[in-house]
Amino acid sequence: MELLAIRFVTVSNEAEALARCLDDLGVRRRHFGEYTSQIGADAFTGAIFPAGSSWIEVWPAGEGMPPGMMLQLVVDDADAFAAHARSQGLSPEGPVDAHGERIYFLQAPSGLSMSFQSALPAGEANETQAT
């Protein structure tokens, strides 16, 4: 079992200001596909700031995207992490297979929303499903 990367995700009404703050710090945005940040566009659509294998995601709150924060742990084997978590008395929910990943969800004692996920093996379904 290995932790490969950390993702910090925030959804807020202040997302654009946070993204600009990270810009001002010199953190570079990733621009790709539908997730491309629209610098100077009329509507801020979100931003991703990569750091090696990890990244920060900043999204504006809206319909289907309520304000909140999540710590995402990218691991080598999400199923093994789920089994270990359960053996330690934790109660991860899932899995959900989505976006090429197997994902489990957990509420930390502090109230922080967390997920841990790993890449789906080649050939497995890449559709959102609870198992």
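Residues numbered from 1 in each chain as written. Predicted model: local features only at pLDDT ≥ 70, side-chain atom pairs only at ≥ 80, totals over all residues. Heavy atoms only, no water.

Draft legend 1. Structural view of the overall build of the chain. Check the secondary structure of the chain and you find 2 helices and 8 strands. Each helix (α) and strand (β) of the chain, taken in turn from the N terminus, gives the series β-α-β-β-β-α-β-β-β-β. Put simply, of all contacts in the chain between residues at least 6 apart along the chain, 55% involve residues at least 24 apart. Carbon together with sulfur atoms contributes 55% to the accessible area of the chain, which is approximately 8,000 Å² in total. (Helix = DSSP H or I, 4+ residues; strand = E, 2+ residues; numbered from the N terminus. Contact = heavy atoms within 4.5 Å. Areas by Shrake-Rupley, 256 points an atom, 1.4 Å probe, with all protein chains shown as cover.)

Draft legend 2. Layout of the side chain of Glu57. Within the secondary structure layout, Glu57 lies in strand β3 (residues 54-60). Of the side chains with opposite charge, Arg7 comes closest to the buried, unpaired Glu57, at an N-O distance of 5.2 Å. Ignoring anything within four residues of it in the chain, the contact list for Glu57 reads Arg7, Phe8, Val9, Thr10, Ala47, Ile48 and Gln72. (Buried < 20%, exposed > 50% of the residue type's maximum accessible area, 1.4 Å probe, protein only. Lys, Arg positive; Asp, Glu negative; His and termini not counted. Salt bridge = Lys/Arg side-chain N within 4 Å of Asp/Glu carboxyl O.)

Draft legend 3. Molecular detail of the pairing of strand β6 (residues 101-107). With 5 of its 7 residues buried, β6 lies for the most part within the structure. Relative to β6, strand β5 (residues 93-98) runs antiparallel, the two sharing 4 bridges. Counted as the bridge partner of Glu93 is Phe105 from β6. Once β5 ends, the chain turns through 2 residues before running back antiparallel as β6, passing His99 with a positive phi of about 55 degrees. Hairpin connection between β6 and strand β7 (residues 113-119): a loop of 5 residues separates the two successive antiparallel strands, and Gly111 in this loop has a positive phi of roughly 95 degrees. (Pairing = 2+ DSSP bridges.)

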